[in-house]
Amino acid sequence: MDLSIQQGDLVFAVARALGSVPQKSAQPLLNCFLLEAEQNSLRITGTDLDLTTSVSVPCTGKAPGRIAVAAKHFNEVVRKMPRGGVTMKLEKNQLEVTYGDGRGVSRFPVQKSDEFPTPPSFRDGTKVTMPGETLARLVDRTSYAVSEETTRQSLNGVFVHGSAQGIAFVATDGHRLARATCRTVTSDLNRDGVIVPARALANMSRVASDATSPVEFTVSENRSHASFTAQVGEYRVQVTARLLEGPYPNYEQVIPKDNVRLLTVTRSDLMDAVDIMSSHADSNTQQVRFSVSEGGLEVSSATADYGSGSQRIEAEYKGEGMEIGYNARYLLQTLRNIPTEKVVFKLKTALSAGIVEPVGALPQADEELLCLVMPLRLPDNAPTAETVKAGARG
């Protein structure tokens, strides 16, 4: 291996590939980067077997080569080097990196790369192409609802499937659900879809938002792996993930069809009220109370330990009044990912799932968003802002 490369290009590749390297692995090669040099490009790969990131950046190659170096140490050193030209050359089982017009040199022990994991083939897979910004939005609008519990592995990822509405990204943890769709992205993915780990989508989303050409999403023929490939200027980034085993729950069954009580509010006003009231809420349940009436909406919370508070905000509502409990954190995460000025809650009863949707069209006319939040049961003896205030006076 003998090549010349710009320090900025090298740092970009190393930083992206590092996201797939495990914190510490019993398999020595998994703690390494695989460096593959060709005439005009250097490809750097990191993997933990479940997630692999490969980044190709331009270089001027004098001699090809394939070696493995300790990932974290290599990253730590090269990101500290000054910007400008860097040369990389294999000398006596060490990778010699010269920088600063030859004034500095760092040497790294290398390992044999023969047994570095080989990525799966996607030659006969199912391909979907979409703009990078579209992919990033679909991921951002759903991934917050992915379950963090390990007992139901299928919920630890985003369900991506084809539908009459184009392509859909869905996530749920049983307490909330988010579905984002794009009508203009067509695919051969059927309703069975695939479950992509949230970590893989998070890695790819950061790259996709900067992509300078459409992102290619490919599912292997046996549906065991998926890859996302993006071009970022002169850089080519590929993220490969082992898919989660299904089946994914039939989420459409839990989306209510007869929620006819509509509560329309300004999103920022509601977020501010919920955020303040969450400071009075129980640290475990994070429960806040919605008191809904034709006169508007009051958000309140009261606990013996953290006191109480209430805030009225303007809202449009017609129908019988209700008292509903919600987890403040779940509500805030949902509201942050709806990009419209106003949102509408479609309600039925205080104990049934509520749909939360944007009011009006999204900024992207070909996209749709539906969110669902499960309520919390309000205990019969739950303190209210008034009872806590009265107790403090007594």
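Figured I'd write up the structure that's included with this text. From a predicted model like this one, the values you see are computed outputs, not experimental measurements.

Pairing between side chains of opposite charge can happen when the charged atoms of each approach one another. In the structure shown here, the tally under the stated rule is 17 salt bridges. The closest approach of N and O atoms between R137 and E367, which form a salt bridge, is 2.6 Å. Residue R137 is located in helix α3 (residues 132-140), and its partner E367 is located in strand β26 (residues 367-373); the two are separated by 230 residues in the primary sequence. Here E367 falls in the buried class, since its relative accessible area comes to 3%. By sharing partners, the salt bridges in this structure join E36, R43 and R66 into a single network.

Each regular strand shows side chains that alternate between the opposite faces of the sheet. Bridge count between strand β20 (residues 296-303) and strand β21 (residues 307-313): seven bridges; the pairing is antiparallel. Residue pairing across strands places V299 opposite Q311, the latter belonging to β21. If you look at the hairpin formed by β20 and β21, you'll find three residues sitting between the two strands.

Right, let's talk about the sheet that holds strand β23 (residues 322-327) for a bit. The strand order across the open sheet built from four strands is β21-β20-β19-β23, with neighbouring strands paired in antiparallel fashion. Strands at the two margins of the open sheet, each flanked by one partner only, are β21 and β23. Ignoring strand direction, the axes of neighbouring strands in this sheet form an average angle of 20 degrees. Across six bridges, the pairing between strand β19 (residues 287-293) and β23 is antiparallel. Looking across to β23, one finds that R289 is bridged to G325. On top of the sheet, helix α5 (residues 267-278) reaches β19, β20 and β21; it is set at about 170 degrees to β21, its chief contact.

Looking now at the packing of α5 against helix α6 (residues 328-336). Direction vectors running N to C along α5 and α6 enclose 155 degrees, while the axes themselves pass 10 Å from each other. One element, α5, and the other, α6, form an angle in the roughly antiparallel class. Here α5 and α6 pass one another in a crossing that is left-handed. Seen from α5, the contacting residues are R267, L270, M271, V274, D275 and S278; seen from α6, they are A328, L331, L332, L335 and R336.

The omega torsion of the bond from G246 to P247 falls at 5 degrees, within 30 degrees of zero and hence cis. Along the chain, P247 falls in the loop between β17 (235-242) and β18 (261-266). Located in the positive-phi region is D101, a residue other than glycine, with phi close to 55 degrees. Considering the arrangement of structural elements, one finds D101 in the loop between β8 (94-99) and β9 (104-111). Assessed through its relative accessible area of 75%, D101 is described here as exposed.

Scoring rules and cut-offs
Residues numbered from 1 in each chain as written. Predicted model: local features only at pLDDT ≥ 70, side-chain atom pairs only at ≥ 80, totals over all residues. Heavy atoms only, no water. Salt bridge = Lys/Arg side-chain N within 4 Å of Asp/Glu carboxyl O. Helix = DSSP H or I, 4+ residues; strand = E, 2+ residues; numbered from the N terminus. Buried < 20%, exposed > 50% of the residue type's maximum accessible area, 1.4 Å probe, protein only. Pairing = 2+ DSSP bridges. Axes fitted to C-alpha atoms, helices over the stretch in contact; angles between N-to-C directions. Contact = heavy atoms within 4.5 Å. Parallel < 35°, antiparallel > 145°, perpendicular 65-115°, else oblique. Left-handed = near helix turned anticlockwise from the far one by under 90°.

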